[in-house]
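Listed below are the residues making up each chain.
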Amino acid sequence: MTDIRSILNQQQFSHSDLVRLLYSEGDDQQQLFKFAAEVKKKEVGNKVYFRGLIEYSNICSKDCFYCGVRLSNKNIQRYQLSDAEVLQAAQFAYDQGFASLVIQSGERYDKAFIKQIENLIIEIKKIGNGSLGLTLSCGEQSKETYKRWFNAGAHRYLLRIETSNQEHYKKIHPQNSKHDYVKRIQSLNHLKETGYQVGTGVMIGLPFQSIDDLANDLLFFQKLDIDMAGMGPYIEHKQTPLYQYSNELLSLKNRFLLSLKMVALLRILMKDINIAATTAMQAIDPEGREKAILVGANVIMPNLTPVKYREDYLLYEDKPCIDEEADECKNCLEARIHRTGNAIGHKEWGDSLHFKRKKPSF
Ligand code: SAM
Ligand code: SF4
């Protein structure tokens, strides 16, 4: 059998190479992590960029079977931040030297929502004369809406494919036009055509998901030529339909480990993209995000949502940092990152190098 180091040194990875690496254990697994750390250092440097996360609203018109804020969950209080609350969080981010924000929200398509997001983008861009970079994660929208928000000043967009296997996608979503795999792919293409830096990702350890699927997810990211990725473990939530499969899942520890391997492999496969160390990693392991940084992640999203709303944005159970004020969150994160031997890219946008390299030069 080919040894792990020779596989890692290849320029191209087949599906079976990726499956082998996803199954790696013991010394092989350590070699994978070490190799990914070397690739990160060489290609993007040991630097971590902050994106202050604003969970704008948990009002959602969709019913994804895995998500705690799905439309049919009647056990949560719905909220939407006021413009003043968003701008206060944005100002805080700016004052603290965070160079970028992420606005994340449940999915809505009504005119009022589209306009509110557009206005917020315009107002946020006024802070420090356009110095805050802006990522949106507001789900599937029409190409016109994507263009409107892009023209207003957003320049990155996160839309996870959740799983690249169409049959699997059908099993974790209701079967209707709001939850359509082909439309999701189309949205990702519209985002690219509009000019955004595009990020996607999957949940790891979902019911009905195989290692084969995860290897295909990695190849999917490569084929789509993404600029950014946000992946993390699936964590069950009692008030969701997928909760009934809780007994069939990998242990949380193994979902976490598999997520680390996915981050490491993606760093090796797509050397110069941005990869987030997601909050779901920390939900399982208190040092989860640091561990993700050590094996290839280079973006972190400290939560700036006002504390009173956080327990209503529970996508899954045991979400961390729901009772910490933003500045506590920042201090604890900075110390954690320094311990990984990484520097923090204060006041730097830290845009995807992959995206910059793709741009035609005039
Ligand atoms: N509504 C937008 C969307 O779906 O793209 C953005 C917000 S949504 C809450 C952000 C991400 O949360 C989803 O893409 C999904 O991957 C993740 N998520 C939802 N439920 C989850 C769960 N139970 N465990 C882990 N991640 C989850
Ligand atoms: Fe809504 Fe996003 Fe949750 Fe789906 S994952 S229910 S679109 S917030």
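Residues numbered from 1 in each chain as written. Chains lettered and ligands numbered in written order. Predicted model: local features only at pLDDT ≥ 70, side-chain atom pairs only at ≥ 80, totals over all residues. Heavy atoms only, no water.

**Student:** So what exactly am I meant to see when it comes to the packing of helix H9 (residues 211-224) against helix H10 (residues 252-269) here?
**Tutor:** Think of two packed helices as two axes; the pair is described by the angle between the axes and how far apart they sit. One can describe the packing of H9 onto H10 by two numbers: an axis separation of 10 Å at closest approach and a directional angle of 30°. Accordingly, the angle class assigned to the pair H9 and H10 is roughly parallel. By crossing handedness, the relation of H9 to H10 is classed as right-handed. For the pair H9 and H10, the contacting residues are Ile 211, Leu 214, Asp 217, Leu 218, Phe 221 and Gln 222 in the first and Leu 258, Met 262, Leu 265, Leu 266 and Leu 269 in the second. In the contact of H9 with H10, the residues fall into 9 nonpolar, 1 polar and 1 charged. (Axes fitted to C-alpha atoms, helices over the stretch in contact; angles between N-to-C directions. Helix = DSSP H or I, 4+ residues; strand = E, 2+ residues; numbered from the N terminus. Parallel < 35°, antiparallel > 145°, perpendicular 65-115°, else oblique. Left-handed = near helix turned anticlockwise from the far one by under 90°. Contact = heavy atoms within 4.5 Å. Nonpolar A, V, L, I, M, F, W, Y, C, P; charged D, E, K, R; others polar.)

**Student:** For this particular structure, what's the right way to read helix H8 (residues 181-194)?
**Tutor:** For H8, with 14 residues, the first-to-last C-alpha span of 20 Å sits near the 20 Å given by 1.5 Å per residue. When H8 is considered as a whole, its buried residues turn out to be Tyr 181, Arg 184, Ser 187, Leu 188, His 190, Leu 191 and Thr 194. At the exit of H8 stands Gly 195, carrying a positive phi of roughly 115°. (Expected span 1.5 Å × (residues − 1). Buried < 20%, exposed > 50% of the residue type's maximum accessible area, 1.4 Å probe, protein only.)

**Student:** Hey, could you run me through the pattern of salt bridges in this one?
**Tutor:** Between side chains of opposite charge, pairing is possible as soon as their charged atoms come close. Applying the stated criterion across every chain yields a total of 23 salt bridges. Of the charged contacts in the structure, one is a salt bridge between Glu 38 and Lys 34, with a shortest N-O distance of 3.8 Å. Taken together, the residues Glu 38 and Lys 34, both in helix H3 (residues 26-43) and 4 residues apart, mark about one turn of the helix. The partly exposed category is assigned to Glu 38, whose relative accessible area is 35%. When its relative accessible area of 53% is taken as the criterion, Lys 34 is described as exposed. Note that Arg 184 and Glu 140 form a salt bridge whose closest N and O atoms lie 2.8 Å from each other. Taken together, the residues span a long stretch of sequence, with Arg 184 in helix H8 and Glu 140 in the loop between strand S3 (133-137) and helix H6 (143-152) at a distance of 44 residues. The class for Arg 184 is buried, based on a relative accessible area of 6%. Residues participating in the shared-partner salt-bridge network are Lys 62, Glu 107, Glu 140, Glu 162 and Arg 184. (Salt bridge = Lys/Arg side-chain N within 4 Å of Asp/Glu carboxyl O.)

**Student:** Explanation requested: the side chain of Gln 209 in the structure shown.
**Tutor:** Within the secondary structure, Gln 209 sits in the loop between strand S6 (203-204) and H9. Classification of Gln 209 by relative accessible area gives buried; the value is 17%. Polar contacts involving the side chain of Gln 209 include one to the main-chain carbonyl oxygen of Met 203, which spans 2.9 Å. Gln 209 has contacts with His 168, Met 203, Ile 204, Leu 214 and Asp 217, leaving out every residue within four places of it along the chain. (Polar contact = N/O pair within 3.5 Å; in protein donor to acceptor, adjacent residues only side chain to side chain.)

**Student:** Mind showing me how you'd approach the environment of Lys 308 here?
**Tutor:** Note on placement: Lys 308 falls in helix H13 (residues 307-310). With relative accessibility at 60%, the residue Lys 308 sits in the exposed group. Once the C-alpha coordinates of Lys 308 and Ala 343 are considered, the two residues, 35 residues apart in sequence, prove to be 31 Å apart.

**Student:** Looking at this structure, I do not really get the site of ligand 1. What am I missing?
**Tutor:** Residues in contact with ligand 1 amount to 17 residues; listed here are only the nearest, Tyr 66, Ser 105, Arg 160, Glu 162 and Ile 235. Between ligand 1 and Arg 184 there is a distance of 3.4 Å, counted from an oxygen atom to a side-chain nitrogen or oxygen. Residue Ile 235 places a main-chain N or O atom 2.7 Å away from a nitrogen atom belonging to ligand 1. Considering ligand 1 on its own, with 560 Å² of exposed area, one finds that the protein chains cover 92% of that surface. Here the shell around ligand 1 is built from residues that sort into 10 nonpolar, 4 polar and 3 charged. (Near = heavy atom within 4 Å. Areas by Shrake-Rupley, 256 points an atom, 1.4 Å probe, with all protein chains shown as cover.)

**Student:** So what exactly am I meant to see when it comes to the state of the cysteines here?
**Tutor:** Chemically, a disulfide is nothing more than a covalent bond linking the sulfur atoms of two cysteines. Taken as a whole and judged by the stated rule, the model has 0 disulfides. Considering cysteine sulfurs only, Cys 60 is the nearest to Cys 138, which forms no disulfide, with 11 Å between them. Its relative accessible area of 0% is what places Cys 138 among the buried residues. (Disulfide = S-S within 2.5 Å.)

**Student:** I keep staring at the side chain of Thr 305 and nothing clicks. Help me out?
**Tutor:** Examined against the element boundaries, Thr 305 turns out to sit in the loop between strand S9 (299-300) and H13. A distance of 2.9 Å separates the side chain of Thr 305 from the backbone nitrogen of Glu 55, its partner in a polar contact. Apart from the residues within four sequence positions on either side, Thr 305 is in contact with Leu 53, Ile 54, Glu 55, Tyr 79 and Arg 310.

**Student:** What am I meant to see in the site of ligand 2 here?
**Tutor:** In the region of ligand 2, the neighbouring residues are Cys 60, Lys 62, Cys 64, Tyr 66, Cys 67, Val 69, Arg 70, Gly 106 and Glu 107. The residue inventory of the shell around ligand 2, partitioned by class, reads 5 nonpolar, 1 polar and 3 charged.

**Student:** Is there a simple way to think about unusual backbone geometry in this case?
**Tutor:** Glycine aside, residues mostly have negative phi angles, and peptide bonds mostly take the trans form. Within the chain, Glu 162 stands out as a residue other than glycine whose phi angle is a positive 70°. Its location among the elements puts Glu 162 in the loop between strand S4 (156-158) and helix H7 (166-171). Assessed through its relative accessible area of 10%, Glu 162 is described here as buried. Not every positive phi belongs to a glycine, and Asp 225 is a case in point at roughly 60°. Mapped onto the fold, Asp 225 is located in the loop between H9 and strand S7 (228-233).

Interpretation note: all reported values are geometric properties and have no functional meaning in isolation.
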